[in-house]
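# A closer look at the structure
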Amino acid sequence: MTEEFVRVDRRPDHLVLTLNRPDKLNAFTKAQHAQLRDALAEARENGSCRAVLLTGAGRAFCVGQDLAEVDPRGAEGPPSLRDTLAHQYNPLIRAIRSLEKPVVCAVNGVAAGAGANIALACDVVLAARSAKFLQAFDKIGLVPDSGGTWTLPRLLGPSRALAWALTGEPVDAEQAAAWGLVWKVYDDEALLPEAEKLTARLAAGATAGLAATKKAMHLAMTQSLDRQLDLERDLQDELGRSHDYLEGVTAFMEKRRPSFKGK
Ligand code: LHQ
């Protein structure tokens, strides 16, 4: 039987994905990447899945690449990190960012290296009070990857982002919230129930509208106000003809809770 490096819990309208190599602090191997990629493809293709929750088993969220798998001291010499990024990390970040459904990340413990940047690529990041974030790339002579060089300056501003990456200092959950890296911090035992609650709420939302919001916010990072105004016009044009807009306005008028279909 294949080992379950990513546990997939299928709820009626969302998926809970748990990185599951707790003895290695959920460090990413090729096999774990493949399982996460499959799970995200399921989330994309399954119409009844309307949100995703990503978290880690044990005391860590994820400590990035499993360094034993890319050990440059091997008989064949240094591995191709180009291949590792091209075939494992880059497709993962693209899959999270392009998923037309909200992705919540519950950072349950340490998030280091690519593990930190994968968490920060998610749409809503929640953290346990004991969580800490580490870039860690400085310790092994590499550059922040998994979108870190793009995401960090945008989240933190260039000065903090650069100092954090250069020094590799740990950032605790409270600091991460103060810096705007995470949305909310919960006591450790409350993190998962709160993350589940939020994911279920998002899954019951107007999925097409949420997907358009995600897309527009991401595009805003790279384009002018003029282009953004045109984009908002186009998205609103399309959403204004959706079931969920009709339902949302009707529910408001009828003073009841809307029942969205995600369309
Ligand atoms: C690990 C790891 C790990 C394997 C802990 N690998 N086993 C992309 C593409 C290609 C190449 C390279 O990189 C990348 C992206 C990246 O992610 S680079 C950054 C990789 N990550 C790191 O450098 C972090 C390394 N880990 C640490 O610095 C520490 O483990 C932290 C500070 C995160 C936690 O420290 P502790 O709480 O003291 O735990 P520990 O060090 O005792 O770790 C527990 C176990 O997990 C231990 O195994 P063992 O069998 O001895 O009990 C570690 O060896 C293993 N582990 N990180 N990245």
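Our subject in this report is the structure included herewith. Every residue gets a number counted from 1 within its own chain, in the order that chain's sequence is written. Note on the predicted model: pLDDT of at least 70 is required for a residue's local features to be given, and 80 or more for side-chain atom pairs to be given and counted; whole-chain, interface and lining totals, by contrast, use all residues. Side-chain numbers here rest on the full set of heavy atoms in the structure, without hydrogens or water.

We now examine the site of the ligand. When at least one non-hydrogen atom of a residue lies within 4 Å of a molecule or strand, that residue is treated as near it. Neighbouring residues of the ligand: 22 residues in total, closest Lys24, Arg59, Val63, Gln65 and Ala114. Throughout this description, a polar contact denotes any pair of N or O atoms lying within 3.5 Å of each other; where both atoms belong to protein, one of them has to be capable of donating a hydrogen while the other can accept it, and for residues adjacent in sequence the pair is counted only when both atoms sit in side chains. At a separation of 2.6 Å, an oxygen atom of the ligand approaches a polar side-chain atom of Lys24. We get accessible surface area from the Shrake-Rupley algorithm with a probe of 1.4 Å; when it comes to residues, only the shown protein chains can shield them. When isolated, the ligand has an accessible area of 1000 Å², and the protein chains bury 66% of it. Counting residues per element, the shell around the ligand draws most heavily on helix α2 (residues 81-98), which supplies 4 residues. Within the shell around the ligand, the residues separate by chemical class into 13 nonpolar, 4 polar and 5 charged. Put simply, DSSP marks the helices as runs of H or I at least four residues long and the strands as runs of E at least two long, and each gets a number from the N terminus on. Residue type decides the class: Asp, Glu, Lys and Arg count as charged, Ala, Val, Leu, Ile, Met, Phe, Trp, Tyr, Cys and Pro as nonpolar, and the leftover types, Gly among them, as polar.

On to helix α10 (residues 243-253), then. When accessible area is computed with a 1.4 Å probe and restricted to protein chains, residues below 20% of their type maximum are described as buried, those above 50% as exposed, and intermediate ones as partly exposed. Listed as buried for α10 are Asp244, Glu247 and Ala251. Seen along its axis, α10 keeps its buried residues to an arc of 60°; they face one direction. Across α10 from its buried face, at more than 90 degrees, point the exposed residues Leu246, Phe252 and Met253. Contacts between residues were defined by any pair of non-hydrogen atoms, one from each residue, lying within 4.5 Å. For α10, the secondary structure elements touched by its buried residues are α8 (207-220). As used here, the arc is the angular range of directions from the helix axis to the C-beta atoms.

Let us now look at the pairing of strand β1 (residues 6-10). Paired strands, as defined in this entry, are two strands with at least two bridges between them according to DSSP. Inspection of the sheet shows β1 paired to strand β2 (residues 15-19) by 5 bridges, in the antiparallel sense. In the strand pairing of β2, Val6 is matched with Leu19. Here β1 folds back onto β2, and the loop between the two strands holds 4 residues.

We now examine the sheet that holds strand β8 (residues 132-134). Read across the open sheet, the 4 strands follow the order β4-β6-β8-β9; overall the sheet is mixed. Sheet topology places β4 (60-62) and β9 (171-172) at the edges, where each strand pairs with a single neighbour.

In this section: helix α7 (residues 188-203). A helix is expected to reach a length of 1.5 Å times the quantity of its residues less one. For α7, built from 16 residues, the straight-helix expectation of 22 Å at 1.5 Å per residue is met to within 8% by its first-to-last C-alpha distance of 23 Å. Against β3 (52-56), β5 (103-107), β7 (124-128), β10 (184-186) and α8 lie the buried residues of α7.

Phi angles above zero are rare outside glycine, and Asn26 is one such case at about 60°. Along the polypeptide, Asn26 turns up in the loop between β2 and α1 (30-45).

Below, the discussion takes up the packing of aromatic side chains. In this description, a pair of aromatic rings is defined by centroid distance and the angle of the planes. Working definition: a ring pair exists when centres of Phe, Tyr or Trp rings (six-membered ring for Trp) sit within 6.5 Å. Plane angles under 30 degrees give stacked, over 60 give edge-to-face, the rest tilted. Enumeration over the complete set of coordinates arrives at 2 aromatic pairs. Ring geometry for Phe28 versus Tyr89: centroids 6.1 Å apart, planes at 70°, classification edge-to-face. Of the two residues, Phe28 is situated in the loop between β2 and α1 and Tyr89 in helix α2; the sequence distance between them amounts to 61 residues. Tyr89 carries the same exposure label as Phe28, and that label is buried. When the ring of Trp164 is compared with that of Trp179, the centres are 6.4 Å apart and the planes differ by 80°; the resulting orientation is edge-to-face. Placement of Trp164 in helix α5 (residues 158-167) and of Trp179 in the loop between α6 (173-178) and β10 is noted, with a sequence separation of 15 residues between them. Per residue, the accessibility class of Trp164 equals that of Trp179, and both read buried. Placement of a charge over a ring requires the Lys NZ or Arg CZ to be within 6 Å of the ring centre, with the centre-to-atom vector within 35 degrees of the ring normal. Sitting over the ring of Trp150, Arg154 keeps its end group 3.9 Å from the ring centre.

The values are spatial; any link to function lies outside them.
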